[in-house]
Amino acid sequence: MHRRTRLSLRSSLINDKENENSQPQEQLELTPRKRRSKVPVAATKDEKSDEEFAVSPKKAARKVVRPRLPAVHDTERESESENDSHSDAASDLVGKLPEREKEYDELVSFVERVLEADVSGSLYISGPPGTGKTATLQRIINHSSFAKKLKPVYINCTSIKSVGSIYKKIAEELGLKVHGATEKMYQGAIEAHLQRKHKTIMLVLDEIDQLSSSKQTILYSIFEWPARSTARLILIGIANALDLTDRLLARLQARCELKPHIIQFLPYTKQQIVTILKSCLQSSDSLSRFPEAALGLLAAKVASTSGDIRRALFIARRLVEGAKKEERKTNADTPIMVSIGQVMAVLKQVYGASQTLGNDLDEGFPLQQKILICSLMLMLKHGKNKDITVGKLHDVYRTICTKRNIHAVDQTEFISLCSLVETRGIVRLQGKKEPRMHRVCLQWDEEEVNSALNDKQLIASIISDVSCLGK
């Protein structure tokens, strides 16, 4: 038995030696992989794959998530080819907005002047809602000649939680690392970045009036950034109020280098709305449904209230959908046309049943709406707190009505009254809480309100009556 055991051991040793001699050369080369050298050695493709197979899963994962970054000129070439291949798909975001060619050209020339001089500049764009301010600016940002020269940063100020958090939002968009979480630290990080060498930044602050505060310190500090010699910053503020820089930032007017260039977007006229509606309806093959008279009636109504092209497109879409729905019900062979009566019905639904097409133009504003607007102007002109809610405005409105022996509506009707005035584009209601806590913002200046209300005596008597504020 001992002899059999010795023979089996001898045979197993011989077999092991034969297996070692028969191993492929590639496996012999893998033996030194445990050696950890600090000097990086260029490996072949086969060696790399063997190394990746030999390392632990954690190390393999670390290797996978660290790809080689392409060189700067490689990424520029890739972006050029992508721009060429996708230029047709993005044409709707690059071309001029219909009926806003003049404002587009003015914006392009302003940016070109700043870039050619290698300096900074500030711009304020004003105009009522739905007049193409943001849409035109988006096309400037996507302009082919500016894509490589600018770093665009777009922020809608209604999305920030508080006025001071604007610095944090800007720092995040610029990709800055900030050690700390205070407002001053974020502001300091941005200002330090502006002193270093960097690509020209186009900072767009939409709804910039949301940054308004008691002393306007944040607005002033932001508008002072372009005055720094190394800033290389194009600051663009967008808001509805025409006189925001004069009313809230009067100190900027004293220094020429801080005074922003102003571009005004006027409300769309009837003819402009007709042109835009025809273009949009033509692209969706729905223009044949609209008689010229129906299209003109729709455009005239929107132009006389706010000039908001978004509202005109919304109404036109409702009318087209209604006509298509009627076709499906009746199984009509020919397209059903939009009638004047249908346009009138939708306009009454959108603008309120109490309004008609005639009283907007002939009778002007109803008395209750006039008193509401004048109450808001009184609070803005003489009130200490410019942050006006619907509830506070109703208190002043009720006092004014009581002193003049005029019936004052209750708060529920007053909220509906505010919504009606908002459809005209004169005020804007903001807030997600209960309606009485909504913030009321005046979109027009005093001169526009005077001409629209056409009642100077009433306006003057209310605005001068400071006792209604409860002082």
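Residues numbered from 1 in each chain as written. Predicted model: local features only at pLDDT ≥ 70, side-chain atom pairs only at ≥ 80, totals over all residues. Heavy atoms only, no water.

With that out of the way, let us pick up the confidence of the model for the protein. For the protein, mean pLDDT is 76; residues scoring 70 or higher make up 73% of the total. Predicted confidence for residues 1–5 stays below pLDDT 50, and this span has zero contacts to residues more than four positions away or in other chains. Here residues 19–93 is modelled with pLDDT under 50, and outside its nearest four sequence neighbours on either side it reaches 15 contacts, counting other chains as well. (pLDDT = per-residue confidence, 0-100. Contact = heavy atoms within 4.5 Å.)

With that settled, consider the sheet that holds strand β5 (residues 261–264). Here we have five strands laid out as an open sheet, ordered β2-β3-β4-β1-β5, and parallel in their pairing. Here the strands that pair on one side only, and so sit at the sheet edges, are β2 (150–156) and β5. Strand-to-strand, the axes of this sheet are offset by a mean angle of 15°, without reference to chain direction. Where β2 lies against strand β3 (residues 200–206), seven bridges are found, and the strand directions are parallel. What sits directly across from Pro152, in β3, is Met202. (Pairing = 2+ DSSP bridges. Helix = DSSP H or I, 4+ residues; strand = E, 2+ residues; numbered from the N terminus. Axes fitted to C-alpha atoms, helices over the stretch in contact; angles between N-to-C directions.)

When their charged atoms lie close together, side chains carrying opposite charge are able to pair. Overall, the coordinates contain twelve salt bridges when judged by the stated rule. Residue Lys403 pairs with Asp465 through a salt bridge whose shortest N-O separation is 3.1 Å. Residue Lys403 is located in helix α18 (residues 390–403), and its partner Asp465 is located in the segment after α21 (456–463); the two are separated by 62 residues in the primary sequence. Overall, the relative accessible area of 48% leaves Lys403 in the partly exposed class. (Salt bridge = Lys/Arg side-chain N within 4 Å of Asp/Glu carboxyl O. Buried < 20%, exposed > 50% of the residue type's maximum accessible area, 1.4 Å probe, protein only.)

With that settled, the discussion passes to the pairing of β3. Judged by how many residues are buried, β3 sits mostly within the fold: seven of seven residues are covered. Burial of β3 is two-sided: the residues Thr200, Met202, Val204 and Asp206 facing one way and the residues Ile201, Leu203 and Leu205 facing the other way are all buried. Two elements, β3 and strand β4 (residues 233–239), share six bridges in a ladder whose sense is parallel. By the bridge assignment, Leu205 is partnered in β4 with Gly237. Where the polypeptide runs from β3 across helix α10 (residues 217–224) and back to β4, its parallel neighbour, the crossover connection is right-handed. (Right-handed = clockwise from strand over helix to strand, strands pointing away.)

Moving on, we come to the packing of helix α17 (residues 367–382) against α18. Two elements in contact, α17 and α18, have axes whose closest approach is 9 Å; the angle formed by their N-to-C orientations is 115°. By the angle class used here, α17 and α18 are roughly perpendicular. In this structure, α17 crosses over α18, and the sense of that crossing is right-handed. On the side of α17, the interface is formed by Gln368, Ile371, Leu372, Ser375, Leu376, Leu378 and Met379, while α18 contributes Lys392, Leu393, Val396, Tyr397, Ile400 and Cys401. Taken together, the residues of the contact of α17 with α18 sort by class into ten nonpolar, two polar and one charged. (Parallel < 35°, antiparallel > 145°, perpendicular 65-115°, else oblique. Left-handed = near helix turned anticlockwise from the far one by under 90°. Nonpolar A, V, L, I, M, F, W, Y, C, P; charged D, E, K, R; others polar.)

As a further point, take the environment of Val114. Examined against the element boundaries, Val114 turns out to sit in helix α6 (residues 101–117). The spacing of Val114 and Thr200 is 86 residues in sequence and 9.7 Å in space, taken between C-alpha atoms. Excluding residues within four positions of it along the chain, Val114 makes contact with Val119, Ser120, Gly121 and Ile234.

Within the largest apolar cluster, 34 residues are counted, with the highest numbers of intra-cluster contacts made by Leu372, Ile373, Leu393, Phe414 and Ile426. Broken down by secondary-structure element, the contributors of at least two residues to this core are α17, α18, α19 (411–423), β6 (427–430), β7 (439–442), α20 (446–453) and α21. It is α17 that provides the largest number of residues to this core, a total of eight residues. The contact partners of Ile373, leaving out residues within four places of it in the chain, are Phe365, Val421, Ile426, Val449 and Leu453. With 31 residues, the next largest nonpolar core counts Tyr124, Val153, Leu174 and Ala189 among its residues. (Core = buried A, V, L, I, M, F, W, Y, C linked by side-chain atoms within 4.5 Å.)

Moving on: helix α14 (residues 309–330). Taking 1.5 Å of rise per residue, the 22 residues of α14 would be expected to cover 32 Å, and the 32 Å separating its terminal C-alpha atoms lies within 8% of that figure. Of all the residues in α14, the buried ones are Ile309, Ala312, Ile315, Ala316, Leu319, Val320, Ala323 and Glu327. Looking straight down α14, one finds that the buried residues subtend no more than 135° of arc, so they occupy a single side. Turned more than 90 degrees away from the buried face of α14, the exposed residues are Arg310, Arg328 and Lys329. (Expected span 1.5 Å × (residues − 1). Arc of directions from axis to C-beta.)

Here Arg232, not a glycine, exhibits a phi torsion of approximately 50°, which is positive. Mapped onto the elements, Arg232 comes out in the loop between α10 and β4. The backbone of Asn405 sits at a positive phi, close to 55°, despite the residue not being glycine. Assignment of secondary structure puts Asn405 in the loop between α18 and α19. Residue Asn405 is classed as exposed on the basis of its relative accessible area of 74%.

Turning our eyes to something else, we now look at a positive patch on the surface. The grouping of Lys324, Lys325, Arg328 and Lys329 at the surface amounts to a positive patch. Among the structural elements, Lys325 can be located in helix α14. (Patch = residues over 30% accessible without salt bridge, like charges linked within 9 Å, V, L, I, M, F, W, Y side chains within 5 Å. Areas by Shrake-Rupley, 256 points an atom, 1.4 Å probe, with all protein chains shown as cover. Lys, Arg positive; Asp, Glu negative; His and termini not counted. Charge placed at Lys NZ, Arg CZ, Asp CG, Glu CD.)

Moving on, we come to the environment of Lys151. The residue Lys151 is located in strand β2 in this model. A residue is classified by how much of its surface remains accessible, and Lys151, at 32% relative accessible area, is partly exposed. Sequence spacing of Lys151 and Ile201 is 50 residues, and the spatial spacing of their C-alpha atoms is 4.7 Å. Dropping the residues within four chain positions of it, Lys151 is found in contact with Glu173, Leu174, Lys199, Thr200, Ile201 and Met202.

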